[in-house]
Amino acid sequence: DEMLATPGFTWAHRGNSTRYAEMSMHAYTQAVVRGYGALEVSCARTSDGVWFGLHDQTLDRTSSVGGNLNPQSMTWAQVQGYQNTISLDGKDQPYARLDAIIEQYSDTHILILDQKYAWNWEDEMLDICESLMPRAIFKSVWSGVTAGNKAFARGIPTWGYLYESEMSDPAYASKVAPWTILGMEHAASQGTWDTLLSVGKPVVGHIAETQAHYNTAIAKGAAGVQCAATNI
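Residues numbered from 1 in each chain as written. Predicted model: local features only at pLDDT ≥ 70, side-chain atom pairs only at ≥ 80, totals over all residues. Heavy atoms only, no water.

Participant: Let's hear about the overall build of the protein chain: which residues, and what values?
Facilitator: A tally of helices and strands in the protein chain yields eight helices and 11 strands. Against the compact-globule benchmark of 17 Å for 232 residues, the protein chain has a radius of gyration of 17 Å, which places it among compact chains. Along the longest, intermediate and shortest principal axes, the C-alpha atoms of the protein chain span 50 × 35 × 35 Å. Relative to its full complement of 232 residues, the protein chain shows a buried share of 51%. Within the protein chain, residue pairs in contact and separated by at least 24 positions form 55% of the contacts whose partners lie at least 6 positions apart. In the form shown here, the protein chain has an accessible surface area of approximately 9800 Å², with 51% of it arising from carbon and sulfur atoms. Averaging the locations of the 15 positively and 24 negatively charged side chains of the protein chain gives two centres separated by 2 Å. (Helix = DSSP H or I, 4+ residues; strand = E, 2+ residues; numbered from the N terminus. Rg over C-alpha atoms; globule rule 2.2 N^0.38 Å. Buried < 20%, exposed > 50% of the residue type's maximum accessible area, 1.4 Å probe, protein only. Contact = heavy atoms within 4.5 Å. Areas by Shrake-Rupley, 256 points an atom, 1.4 Å probe, with all protein chains shown as cover. Lys, Arg positive; Asp, Glu negative; His and termini not counted. Charge placed at Lys NZ, Arg CZ, Asp CG, Glu CD.)

Participant: Requested: an account of the packing of aromatic side chains, with residues and values cited.
Facilitator: For the structure shown, the criterion picks out eight aromatic pairs. Between the aromatic rings of Y117 and W119, the centroid separation amounts to 5.6 Å while the plane-to-plane angle is 75°, which identifies the pairing as edge-to-face. Accessibility expressed as a relative area gives 30% for Y117, which makes it partly exposed. Aromatic side chains W142 and Y172 sit 6.0 Å apart centroid to centroid with 55° between the ring planes, which places their arrangement in the tilted category. In this pair, W142 is assigned in the loop between β7 (136-141) and α5 (145-154) and Y172 in helix α6 (residues 172-176), connecting sequence segments 30 residues apart. The exposure class assigned to W142 is buried, which follows from its relative accessible area of 2%. An aromatic cluster is built from F9, W11, W159, Y161 and Y163, whose rings are joined through pairwise contacts. (Phe/Tyr/Trp six-rings, centres within 6.5 Å; stacked < 30°, edge-to-face > 60°.)

Participant: I'd like a rundown of the side chain of E40, residues and numbers included.
Facilitator: Structurally, the position occupied by E40 is in strand β2 (residues 38-45). Within the structure, the side chain of E40 is placed 2.9 Å from the backbone nitrogen of R14, a separation counted as a polar contact. (Polar contact = N/O pair within 3.5 Å; in protein donor to acceptor, adjacent residues only side chain to side chain.)

Participant: Provide a residue-level description of α5, including the pertinent values.
Facilitator: All buried positions along α5 are accounted for by V145, A147, G148 and A151. Burial along α5 is one-sided: seen end-on, the buried residues are contained in an arc of 160°. Among the exposed residues of α5, those oriented more than 90 degrees off its buried face are T146 and A153. Buried-residue contacts for α5 involve α4 (122-131), β7, β8 (158-161) and α6. Backbone geometry just downstream of α5 places G155 in the positive-phi region, at approximately 80°. (Arc of directions from axis to C-beta.)

Participant: Provide a residue-level description of the packing of helix α1 (residues 25-33) against helix α3 (residues 98-105), including the pertinent values.
Facilitator: Axis angle and axis distance: for two packed helices, these are the angle between their axes and the distance between the axes, and together they describe the pair. Two numbers describe how α1 lies on α3: the axes approach to 11 Å, and their chain directions differ by 25°. Compared by their axis directions, α1 and α3 come out roughly parallel. α1 and α3 meet at a crossing whose hand is right-handed. In this structure, α1 uses M25, Y28, T29 and V32 to contact α3, whose residues at the interface are A100, I101, Q104 and Y105. (Axes fitted to C-alpha atoms, helices over the stretch in contact; angles between N-to-C directions. Parallel < 35°, antiparallel > 145°, perpendicular 65-115°, else oblique. Left-handed = near helix turned anticlockwise from the far one by under 90°.)

Participant: An account of the side chain of H13 is needed here, citing residue identities and associated values.
Facilitator: If you trace the backbone, H13 turns up in the loop between β1 (9-12) and α1. One polar contact links H13 to R14, side chain to side chain, over a distance of 3.2 Å. In this view, H13 contacts E40, I207, Q226, C227 and A228; residues no more than four positions away in its chain are not counted.

Participant: An account of helix α7 (residues 190-197) is requested, with residue identities and associated values reported.
Facilitator: Regarding α7, the residues found buried are T192, W193 and L196. One face of α7 carries all of its buried residues, which in axial projection span an arc of 100°.

Participant: How would you summarise the environment of G37 if you had to cite specific residues and measurements?
Facilitator: As for its position among the elements, G37 is in the loop between α1 and β2. For the pair G37 and T108, spaced 71 residues apart in sequence, the C-alpha separation works out to 7.7 Å. Those residues in contact with G37, other than ones at most four positions away along the chain, are H109 and I110.

Below, the structure written as structure tokens:
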């Protein structure tokens, strides 16, 4: 409630995805020391039940490897054999366990948690979010109405994010209904922003990589902005 009442609030996208190894503890620490109060974490789940920070379905991009390394068929010990190598600061980082992020920051920060490709463990992710209330937001694509309704039934705040190209979906009105907060790309037209704002829910702009991106989202009506560069 305090966050939503703060005009122009900011979320750290993957910690700081434009400079540091995304969703590493190092990236989140850098966001925290710069004053970000909300941390977005996309998650994967290993075959032995460990949730950790990963946006993709495989480790291939973030570890600069091939082989279609899907963590759902890997143990956490196997995942630890790889580093996250995608960073502008040139520093590889280990993948961060979600429970370590929770232990470090859930008492002081809001965590925006996304299950990504671990659809079969959706209820498990909702359990995690519920255990962190009131300091967690369940994130998913806006079309994931079933997940949104599940979270809503549990009283978990939700973020359903959209892109301008999706606004023509004929089921748009029903699909935005379950979400507490909506999201729209900062570059979308003002008309698209106005349509989404007319729903009457807070809209978070995404994904700002510069101060100009942030300013654009705010000017179009964003309540807050998800930032990929935490110097914003």
